[in-house]
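# Close look at the chain arrangement
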Amino acid sequence: MSAGSGNRNTNTEPWGSFDEHLIQGSGSAVVDMENMDDTSGSSFEDMGEMHQRMKEEEEVAAEAAATEDDSTEDGEFLGMKGLKGQLGRQVADEVWQAGKRQASKAFNLYANIDILRPYFDVEPVQVRSRLIESMIPVRMINFPQKIAGELYGPLMLVFTLVAILLHGMKTSGTVIREGTLMGTAIGTCFGYWLGVSSFIYFLAYLVNAQITMLQTLSLLGYGLFGHCVVLLITYNIHFHFLFYVLWLLLGGLSTLRMVAALLSRTVGQTPRLLLCGTLTLLHMLFLLYLHFAYHKIVEGLLDSLEGPNMAPMQRVARDVPELTVNATARSLGVLLRAH
Amino acid sequence: MAAAEEASRPFAGLSDVSISEDIPVEGDISVPVASSRRDEEFSTLDEPVKETILRDLRAVGNKFIHVLYPKRSSALLRDWDLWGPLLLCVTLALLLQGGAADSDDQGGPQFAEVFVIIWFGSIIITLNSKLLGGTISFFQSLCVLGYCIMPLTAAMAVCRIVLIGGSGTVSFAVRLVVVTASFGWSTFASTAFLADSQPPNRKALVVYPVFLFYFVIGWMILTFSPSQ
């Protein structure tokens with residue numbers, strides 16, 4: 001009857017049985033290379049969009065069904081209540097529809113959070129292992145390295161960096177004239193994370209590297225783990241040599257990890273140089289900036305924990321002792337020794 | 001033959017599923033009339049203002065007690081309100097005001113800063129817990145986080161009193177102990193309410209931002225030093 005091998009027409013029902021819609025053909029599979037990364041966000045984004053489109057279609061269908069019902073009802077009552085009744089009903093209808101549309105718009109805005117939901121789908125073990133892996137560069141650069149596409153870890157690391165920065169600013173008595181301590185800390189950390197991620201993504205787009213925005217956000221976010229550790233140590237132990245060693249070691253390791261991941265996804269010498277050179281520069285300089293800009297050693301005052309604050313800081317040449325320990329640690333040490 | 005017949009009438013077996021006529025199906029579908037409730041609502045309009053305020057105050061006080069003794073109850077969650085958090089936030093911000101406030105120096109947190117930190121911190125933690133698959137609603141979470149600031153506010157009051165006596169190593173030690181204890185208490189109390197609404201293996205992911213949030217507030221309290 002019909003063409004195609006293996007087609008049995010078992011069409012016995014008046015409504016056309018299920019067999020009609022069987023896919024005929026030799027069954028060749030098409031692999032979508034775009035979604036090769038199993039952790040890339042693109043499939044989830046598609047799901048989120050599909051979900052929204054389905055919802056909208058449902059709503060439209062429901063509205064259409066509702067208006068159909070109403071119009072039939074109006075036709076019946078027209079004879080009884082006359083024009084006035086119908087007008088009132090129409091107005092009420094319009095108000096109801098407008099209200100419903102507003103509410104659904106607001107709800108969709110709220111439901112936009114659900115688009116972010118897949119990026120927060122992690123387990124604590126995964127977060128811990130990714131934190132440790134962010135300090136270990138992987139040498140394989142001939143095949144695209146897997147980059148986790150999650151936002152929980154990076155977000156928490158940025159907030160942790162904000163907290164550490166606050167601690168550093170407080171204990172060094174940094175004076176912020178235009179603005180607040182908190183605002184500066186949040187602005188710096190979030191600005192770096194979002195801004196540099198976007199910039200790297202833009203450069204990657206220019207040189208045709210295989211990386212998505214989510215992956216740059218995630219990569220850079222986890223790269224801040226090294227910064228957090230270095231700053232936590234050096235904000236409490238003001239030893240310049242120690243800072244430089246840690247800057248090169250930990251900062252360098254996390255930068256190497258990010259660079260290796262980018263190298264594995266870029267083709268060509270110049271693009272690789274451009275992308276990785278920019279990232280290295282920005283990442284290492286950021287750590288340098290965080291240490292020196294927010295942590296000036298003030299003359300005679302190391303923290304705001306003891307005693308009243310002195311006058312705004314004055315710069316006087318003096319000999320900085322080789323190793324200075326944060327006064328918090330010093331007083332804790334005094335306490336412990338007293339027992 | 002029988003199989004082909006069965007295949008051609010896939011729903012044949014269902015045709016004789018019916019309720020036999022001799023078993024009467026009867027019942028009463030009715031919606032309970034809400035007129036009595038409407039009467040109650042009208043009557044709360046007529047009550048004296050003192051009663052209304054006292055009722056709200058009693059609810060707030062009840063929740064304070066639940067924070068003081070954090071056991072796994074749902075009282076904080078069932079009827080959430082934001083009066084308590086507002087009260088605590090304003091008190092804390094006022095107590096933190098006037099710390100090392102020279103004319104130019106903005107070393108101490110200003111009122112607006114504390115306010116913004118508390119409310120935006122709470123909002124972010126709530127969003128985070130919702131994104132991680134929490135079953136608690138937005139305002140319930142805000143309510144819990146706000147009420148659990150109470151131990152830290154109490155610690156701030158204690159710190160201020162201790163600082164009147166002087167600001168040496170002893171006072172710093174006392175303040176450190178008090179703030180650490182209250183920070184632990186706050187974190188424990190809020191996780192007692194929030195962690196239940198999460199899948200069991202993700203509790204750590206929700207607890208960490210709460211820990212960070214109260215740590216920042218505790219740090220602000222600890223580093224507070226009054227101006228001369």
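Residues numbered from 1 in each chain as written. Chains lettered and ligands numbered in written order. Predicted model: local features only at pLDDT ≥ 70, side-chain atom pairs only at ≥ 80, totals over all residues. Heavy atoms only, no water.

With an unreviewed UniProt entry as reference, chain B is termed Protein YIPF, source organism Dicentrarchus labrax. Per UniProt, chain B carries the Sequence similarities (unreviewed entry) text "Belongs to the YIP1 family." (UniProt positions renumbered as here; feature names shortened; annotations may be inferred.)

As recorded by an unreviewed UniProt entry, chain A carries the name Protein YIPF3 and is attributed to Dicentrarchus labrax. In the Function (unreviewed entry) part of its UniProt record, chain A is described as follows: "Involved in the maintenance of the Golgi structure. May play a role in hematopoiesis." Turning to chain A, the UniProt record has this under Sequence similarities (unreviewed entry): "Belongs to the YIP1 family."

With that out of the way, let us pick up the packing of helix 5 (residues 83–96) of chain B against helix 7 (residues 138–147) of chain B. Residue and element names in this part refer to chain B. As a packed pair, helix 5 and helix 7 sit with axes 8 Å apart at the nearest point and diverge in direction by 40 degrees. Overall, the two elements helix 5 and helix 7 adopt an arrangement that is oblique. Judged by the twist between their axes, the crossing of helix 5 over helix 7 is left-handed. Across the interface between the two elements, G84, P85 and L88 from helix 5 touch L142, C143, G146 and Y147 from helix 7. (Axes fitted to C-alpha atoms, helices over the stretch in contact; angles between N-to-C directions. Helix = DSSP H or I, 4+ residues; strand = E, 2+ residues; numbered from the N terminus. Parallel < 35°, antiparallel > 145°, perpendicular 65-115°, else oblique. Left-handed = near helix turned anticlockwise from the far one by under 90°. Contact = heavy atoms within 4.5 Å.)

What follows covers the UniProt feature "transmembrane region" (unreviewed entry) in chain A. All names here are of chain A. Annotation from UniProt places "transmembrane region" (unreviewed entry) at residues 151–169, 181–207, 219–235, 241–261 and 273–294. The span residues 151–169 shows a helical share of 95% and a strand share of 0%, and its end C-alpha atoms are spaced 27 Å apart. Helix and strand shares over residues 273–294 are 95% and 0% respectively, and the end C-alpha atoms of the span are 31 Å apart.

Attention shifts here to the UniProt feature "transmembrane region" (unreviewed entry) in chain B. All names here are of chain B. Residues given the UniProt feature "transmembrane region" (unreviewed entry) here are residues 80–99, 111–132, 144–166, 172–194 and 206–225. A distance of 32 Å separates the end C-alpha atoms of residues 172–194, which is 100% helix and 0% strand. Secondary structure within residues 206–225 divides into 85% helix and 0% strand; the distance between the first and last C-alpha atoms comes to 32 Å.

Take the side chain of B:T153 next. All names here are of chain B. Mapping T153 onto the fold places it in helix 8 (residues 150–165). The class of T153 is buried, set by a relative accessible area of 7%. Other than its neighbours up to four places away in sequence, T153 contacts L88, T91, L92 and L95. (Buried < 20%, exposed > 50% of the residue type's maximum accessible area, 1.4 Å probe, protein only.)

Right, let's get into helix 3 (residues 49–68) of chain B. Residues and elements named next belong to chain B. Here helix 3 spans 29 Å end to end across 20 residues, near enough to the 28 Å set by a 1.5 Å rise per residue. Where helix 3 is concerned, the buried positions are V60, K63, F64, H66 and V67. Each buried residue of helix 3 sits inside an arc of 165 degrees when the element is viewed along its axis, so together they form one side. Exposed residues lying more than 90 degrees from the buried face of helix 3 are K50 and R58. (Expected span 1.5 Å × (residues − 1). Arc of directions from axis to C-beta.)

For the rest of this paragraph, the subject is the pattern of salt bridges. Counted according to the given criterion, the structure contains four salt bridges over all chains. Between A:D121 and B:R202 there is a salt bridge; the shortest N-O distance is 2.6 Å. Taken together, the residues span two chains, with A:D121 in the loop between helix 2 (113–116) and helix 3 (124–133) and B:R202 in the loop between helix 9 (169–194) and helix 10 (203–222). Given a relative accessible area of 11%, B:R202 falls into the buried group. Of the charged contacts in the structure, one is a salt bridge between B:K63 and B:D81, with a shortest N-O distance of 2.6 Å. Taken as a pair, B:K63 in helix 3 and B:D81 in the loop between helix 4 (75–78) and helix 5 lie far apart in primary sequence, 18 residues in all. (Salt bridge = Lys/Arg side-chain N within 4 Å of Asp/Glu carboxyl O.)

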